[in-house]
Amino acid sequence: IPPPRPPIKPLQRVLAAARAAGVRVIHTREGHRPSLADLPQNKRLRSTAIGTEIGQPGPCGRVLVRGEPGWELIDELRPLPSEDIIDKPGKGSFFATDLEHLLRTTGCQRLLLGGITTDVCVHTTMREANDRGFECCLITDGTGATDRGSHAAAQEGDDAFDSQML
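Draft legend 1. Molecular detail of the pattern of salt bridges. This structure, assessed with the given rule, holds nine salt bridges. Linking Arg24 and Asp84 is a salt bridge whose minimum nitrogen-to-oxygen distance equals 3.0 Å. Highlighted residues: Arg24 in the loop between α1 (8-21) and β1 (26-30) and Asp84 in strand β4 (residues 84-88), separated in sequence by 60 residues. Residue classification places Asp84 among the partly exposed positions, given a relative accessible area of 26%. Each of the salt bridges in this network shares a partner with another, and the network as a whole consists of Arg29, Glu72 and Asp87.

Below, the structure is given as structure tokens:
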């Protein structure tokens, strides 16, 4: 599934401003071990049902497998060497990662969230962050989904999480 491109320019502007202001930038990417030992069967079945089975060969290597070309962050939003990358095996950035530890040890209390997909990874991370007491702000033009309806529904639901939209 090709990533939506519209969020790239807004995210480039936010990244530039954050970096210039000395704000900590953390990137995330979803992927599984090459052995797929961390891939739950239900997730494998869902990916098969939509025609993009995790672990199978795709145009950019094995789908959602760590180390494959399609797993890398895109060049336009490439992290600086000083920026952390959270590798996550699920939709949310807190599940099975050290993100919360990193945020707490650096004193972070507020998160600006952007990326893809609005209705899955971004929204799940925002829910997890809210549950842990972090203030969240969704960068509305810096998120995207493969389906406009899902993207809009996720943004409309953000009020339920006491999150702000930017």
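Okay, back to it.
Draft legend 2. Inspection of the nonpolar core at higher detail. Judged by nonpolar contacts, the single largest core of 13 residues is most densely connected at Phe94, Leu103, Leu111, Leu113, Ala129, Phe134 and Cys136. Every element with two or more residues in this core is listed here: α3 (99-105), β5 (110-116), α4 (118-131) and β6 (135-144). Apart from residues no more than four positions distant in its own chain, Ala129 is found in contact with Phe94, Leu111, Phe134 and Cys136. Leu11, Leu15, Ala18 and Leu77 belong to the second largest nonpolar core, which has six residues in total.

Draft legend 3. Layout of the packing of aromatic side chains. Scanning the entire structure with this criterion turns up one aromatic pair. Above the plane of the ring of Trp71 lies Arg29, whose end atom (NZ or CZ) is 3.7 Å from the centre.

Draft legend 4. Geometry of α4. Given a rise of 1.5 Å per residue, 14 residues ought to cover 20 Å, and the 18 Å separating the end C-alpha atoms of α4 matches this to within 8%. All of the buried residues along α4 are Thr118, Cys121, Val122, His123, Thr125, Met126, Glu128 and Ala129. Positive phi shows up at Gly133, right after α4, with a value of about 90°.

Scoring rules and cut-offs
- Residues numbered from 1 in each chain as written.
- Predicted model: local features only at pLDDT ≥ 70, side-chain atom pairs only at ≥ 80, totals over all residues.
- Heavy atoms only, no water.
- Salt bridge = Lys/Arg side-chain N within 4 Å of Asp/Glu carboxyl O.
- Helix = DSSP H or I, 4+ residues; strand = E, 2+ residues; numbered from the N terminus.
- Buried < 20%, exposed > 50% of the residue type's maximum accessible area, 1.4 Å probe, protein only.
- Core = buried A, V, L, I, M, F, W, Y, C linked by side-chain atoms within 4.5 Å.
- Contact = heavy atoms within 4.5 Å.
- Phe/Tyr/Trp six-rings, centres within 6.5 Å; stacked < 30°, edge-to-face > 60°.
- Lys NZ or Arg CZ within 6 Å of the ring centre and 35° of its normal.
- Expected span 1.5 Å × (residues − 1).

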